Amino acid sequence: MPRSDRGSDFAPGGADGLDPEDWSELRAQGHKMLDNMFDYVEGIRRRPVWQPIPDDARARFRAELPRDPSPLADVHREFTEFVLPYATGNVHPGFMGWVHGGGTAVGMLAEMLAGGLNANLGGRDHMPIEVERQVVAWMRQAFGFPLEASGLFVTGTSMANLLAVLVARARALGEQVRQTGVGGVGTRLRAYSSVAAHGCIAQAMDLSGLGSEALRRVGIDAAHRIDIAALREAIRADREAGLEPFLVVGSAGTVDIGAIDDLRALHELCAEERLWFHIDGAFGALGVFSPEIAPRLAGLESADSIALDFHKWGQVPYDAGFLMVRDGQQHFDTFAAPAAYLRRETRGLAAGSPWPTDFGPDLSRGFRALKTWFTLKTFGTDRLGAMMARTCALARYLERRIAAEEQLELLAPVGLNIVCFRYRAANADELNAEIVADIHESGIAAPSTTTLAGKLAIRAAIVNHRTDEQDLDALVDAVLKVGRVRTA
Ligand SMILES: Cc1ncc(COP(=O)(O)O)c(C=O)c1O
């Protein structure tokens, strides 16, 4: 192939290492790659939200272990041909599936800077750790937590919830549980959440050795909030049966419809019963940034621990999960594990104890804090809060559009930024699943589905800051059109 058709011949790697001997070609190629992603984000509306990967593309993408080098431009071209067009789609304003944030160009740039520094945030004394500590301090302030509260970046809320269960477990059984295992007493521990809590809570119980059956799943009211009286009764019955309630998990934004439990009432109950009060605030907890949403989160400030994701409503690029624990010492005691090769010093690079690795199972840790720090600083929490409130206003707009269409029915109250509805039909479950798949394949929008009271619902979670009324109109129009065609 002539050189001009192949783009740059730059192949990374000088004689002895992986850095180039001449940086100018890498620099030029790097700028092209950066522009490529700016073009992608800027022009995202002109693309389909998602498109199926053609069999041919999947097959051509597969390759043998690359033993020989390739020019960076060629590898980038492969990325633009095979990876970029078939991404998840959550950068697109028409993406409303599951609970995915849209990311920002600012977060993307911060990822590049973090990649350049290649810092390991497991520990030691360097400024990247101060960046994480700064975000922890900001979140203490945002949640009204005390100075001794600890915080840690993790992959996502599933992991943050698991760590919270482990901290609560150590509080209930004593730190010796780390050496002895949960033993007989452990089999008597019981945790409580509503039936609407995310599945990762039961998984956390499973992974913690307490067993998913030790999670009592309490009923909900019409607004999908945990039934406090039923919870109180479940705790009483368990105590009477000789079991040991130890943990209540409240939801600040349920995954199905975005319901917020009565966090104040949960706090009071936990205080009375001496139970650990954890809040799964995967997307909802950051609502504290919005004066409109914050009052509905009253009680969050009283939690023993909060799990959340900056990569959802916070729009930080994946992944950026976070755990905050009121009693930082308890958090430390649950995970810290001295090792000769991790000896702490009072000066030099091995200073700065305690280290983030003392608060979780990860020793090697990436610099998730940087993209979060950039996002919070660049946009400011007021603007982020206003963006979150806007997604809630858009959800109400979608609710009104659904109410105005005879063919559509709303399946749950719209309390936050999630709307569950469906096309009316005799075979509604089957039909609505087909409608969603058809719309995915059309590239117009990407809602997801869930099941509410036994009914399959089309679920539009408006999390992306780019989503607008026109995207919701496109979704409604597509649902009506596909529904009509499929029922004709
Ligand atoms: C309420 C809730 N909890 C937990 C999770 C899991 O979070 P992650 O996917 O970051 O692990 C989600 C994900 O959508 C969620 O909505």
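Scroll up a little and you will see the structure.
Attention here is on the structure that accompanies the text. (Residues numbered from 1 in each chain as written. Predicted model: local features only at pLDDT ≥ 70, side-chain atom pairs only at ≥ 80, totals over all residues. Heavy atoms only, no water.)

## A word on the packing of aromatic side chains
(1) Moving on: Using the criterion set out here, one finds 9 aromatic pairs in the structure.
(2) Moving on: Here Phe332 and Phe359 contribute two aromatic rings whose centre-to-centre distance is 5.8 Å and whose plane-to-plane angle is 65°, an arrangement assigned as edge-to-face. Here Phe359 lies in the loop between helix H13 (328-335) and helix H14 (368-379) and Phe332 lies in helix H13, a separation of 27 residues in the sequence.
(3) Moving on: Three or more aromatic residues joined by ring pairs make a cluster, and in this case those are Phe153, Phe310 and Phe322.
(4) Moving on: Arg124 extends its terminal NZ or CZ atom over the ring of Trp355, reaching a point 5.4 Å from the ring centre.
(5) Moving on: The ring of Phe145 carries the charged tip of Arg326 above its face, separated from the ring centre by 4.4 Å. (Phe/Tyr/Trp six-rings, centres within 6.5 Å; stacked < 30°, edge-to-face > 60°. Helix = DSSP H or I, 4+ residues; strand = E, 2+ residues; numbered from the N terminus. Lys NZ or Arg CZ within 6 Å of the ring centre and 35° of its normal.)

## Looking at unusual backbone geometry
(1) Moving on: The omega torsion across Tyr318 and Asp319 is -15°, close enough to zero to call that bond cis.
(2) Moving on: Along the chain, Asp319 falls in the loop between strand E6 (305-309) and strand E7 (321-325).
(3) Moving on: Of note, the phi angle at Asn118 is positive, near 50°, even though the residue is not glycine.
(4) Moving on: Mapping Asn118 onto the fold places it in the loop between helix H5 (105-117) and helix H6 (127-143).
(5) Moving on: Notably, Gln315 is not glycine yet its phi reads approximately 65°, a positive angle.

## What about the site of the ligand?
(1) Moving on: Around the ligand, a shell composed of 14 residues is seen, among which Thr157, Ser158, Asp280, Asp309 and Lys312 lie nearest.
(2) Moving on: The contact in question runs from an oxygen atom of the ligand to an N or O atom on the side chain of His311, over 3.3 Å.
(3) Moving on: Between an oxygen atom of the ligand and a side-chain N or O atom of Lys312, the distance comes to 3.1 Å.
(4) Moving on: When the free accessible area of the ligand is taken as 390 Å², the share hidden by the protein chains comes to 84%.
(5) Moving on: Looking at side-chain class alone, the shell around the ligand contains 5 nonpolar, 6 polar and 3 charged residues. (Near = heavy atom within 4 Å. Polar contact = N/O pair within 3.5 Å; in protein donor to acceptor, adjacent residues only side chain to side chain. Areas by Shrake-Rupley, 256 points an atom, 1.4 Å probe, with all protein chains shown as cover. Nonpolar A, V, L, I, M, F, W, Y, C, P; charged D, E, K, R; others polar.)

## Section: H14
(1) Moving on: For H14, spanning 12 residues, the distance from its first C-alpha to its last is 17 Å, which sits close to the expected 16 Å at 1.5 Å a residue.
(2) Moving on: Where H14 is concerned, the buried positions are Arg368, Ala369, Leu370, Lys371, Thr372, Thr375 and Leu376.
(3) Moving on: Where H14 is buried, its residues contact H5, H6, strand E1 (150-154) and helix H15 (381-403). (Expected span 1.5 Å × (residues − 1). Buried < 20%, exposed > 50% of the residue type's maximum accessible area, 1.4 Å probe, protein only. Contact = heavy atoms within 4.5 Å.)

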